[in-house]
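Spelled out from the first residue to the last, the chains are:
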Amino acid sequence: MTVKIVIGLDGTDTGERALTFAKDLASRIDACELLAIYVIEWSPFTFQTAEENAKRHVRREEEIELATKRIVEPAVAALKEAGYSASGLVRHGDVAETLNKLTVENGGSQIIVGRASSDGFSKRIFGSSTQNLVMHADVPVTVVG
């Protein structure tokens, strides 16, 4: 049976620490896949002008493309180069809810995230998002320091 480990990336050293921990863990498991996920914080409840709403879909797609190219693709390429089976995803949504949902949908058995970072991700993932993820995830969550 293949074990799938999900890594929550944030584009900073925090994500790199989570990635390093996941690689170490995966190296100890015979059949292991790594799934790198970057979640762009997105609320459907923000109020905008009619013009902003018209451009919203285009902006979402641009953000996904940018995050894929700058964060997820390099991480997946490095994992594959190191000999790991790896893939990646970028989605919009609440960080904790989206990481958990994608983990379950993709058959993940564990989520690994970093504890803190120097940018806005720390506000999203370490504060209430990390607490929510740890408390409500359907699989074990490892928080790497």
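Reading the values: rules and limits
Residues numbered from 1 in each chain as written. Predicted model: local features only at pLDDT ≥ 70, side-chain atom pairs only at ≥ 80, totals over all residues. Heavy atoms only, no water. Core = buried A, V, L, I, M, F, W, Y, C linked by side-chain atoms within 4.5 Å. Buried < 20%, exposed > 50% of the residue type's maximum accessible area, 1.4 Å probe, protein only. Helix = DSSP H or I, 4+ residues; strand = E, 2+ residues; numbered from the N terminus. Contact = heavy atoms within 4.5 Å. Polar contact = N/O pair within 3.5 Å; in protein donor to acceptor, adjacent residues only side chain to side chain. Pairing = 2+ DSSP bridges. Axes fitted to C-alpha atoms, helices over the stretch in contact; angles between N-to-C directions. Salt bridge = Lys/Arg side-chain N within 4 Å of Asp/Glu carboxyl O.

Enquirer: Please explain the nonpolar core as it appears in this structure.
Expert: It is characteristic of soluble globular proteins that their nonpolar side chains tend to be buried jointly. Grouped together as the largest cluster of nonpolar side chains are 23 residues, with contacts concentrated most on I7, L9, L34, Y38, V72 and L79. Looking at this core, the elements that each hand over two or more residues are β1 (3–9), α1 (13–27), β2 (32–41), α2 (50–81) and β3 (85–93). If we ignore the near neighbours within four places in the chain, the residues touching L34 are I5, I7, A22, A26, L79, Y84, S85, A86 and S87. Core analysis: the next-biggest nonpolar cluster, separate from the first, contains 14 residues, L35, V39, V95 and L99 among them.

Enquirer: Quick question: what am I supposed to make of the side chain of Q110 here?
Expert: With respect to the element layout, Q110 can be found in strand β4 (residues 110–114). Here Q110 falls in the buried class, since its relative accessible area comes to 17%. One polar contact links Q110 to T142, side chain to side chain, over a distance of 2.4 Å. In this structure Q110 touches K4, I5, V6, L25, V139, P140 and T142, once residues within four positions along its chain are discounted.

Enquirer: Even after reading the chapter, I still don't get the sheet that holds β3, so can you show me in this structure?
Expert: Picture the strands of a sheet paired through backbone hydrogen bonds; they go either parallel or antiparallel. Strand order across the open sheet formed by five strands is β3-β2-β1-β4-β5, with parallel pairing between neighbours. This sheet does not close on itself; its edge strands, each paired only once, are β3 and β5 (141–144). Strand-to-strand twist of the sheet, defined as the mean angle between neighbouring strand axes without regard to direction, takes the value 25°. By the bridge criterion, seven bridges tie β1 to β2 in an arrangement that is parallel. In the strand pairing of β2, I7 is matched with A36.

Enquirer: Mind showing me how you'd approach the pattern of salt bridges here?
Expert: Side chains that differ in sign of charge can pair as their charged atoms come close. With the rule as written, the count across this model stands at four salt bridges. Among the salt bridges present, the one from K4 reaches E33, with a minimum N-O distance of 3.6 Å. In this pair, K4 sits in strand β1 while E33 sits in strand β2, placing the two residues 29 residues apart along the sequence. Assessed through its relative accessible area of 17%, K4 is described here as buried. Between R28 and D24 there is a salt bridge, and its shortest N-O distance comes to 3.0 Å.

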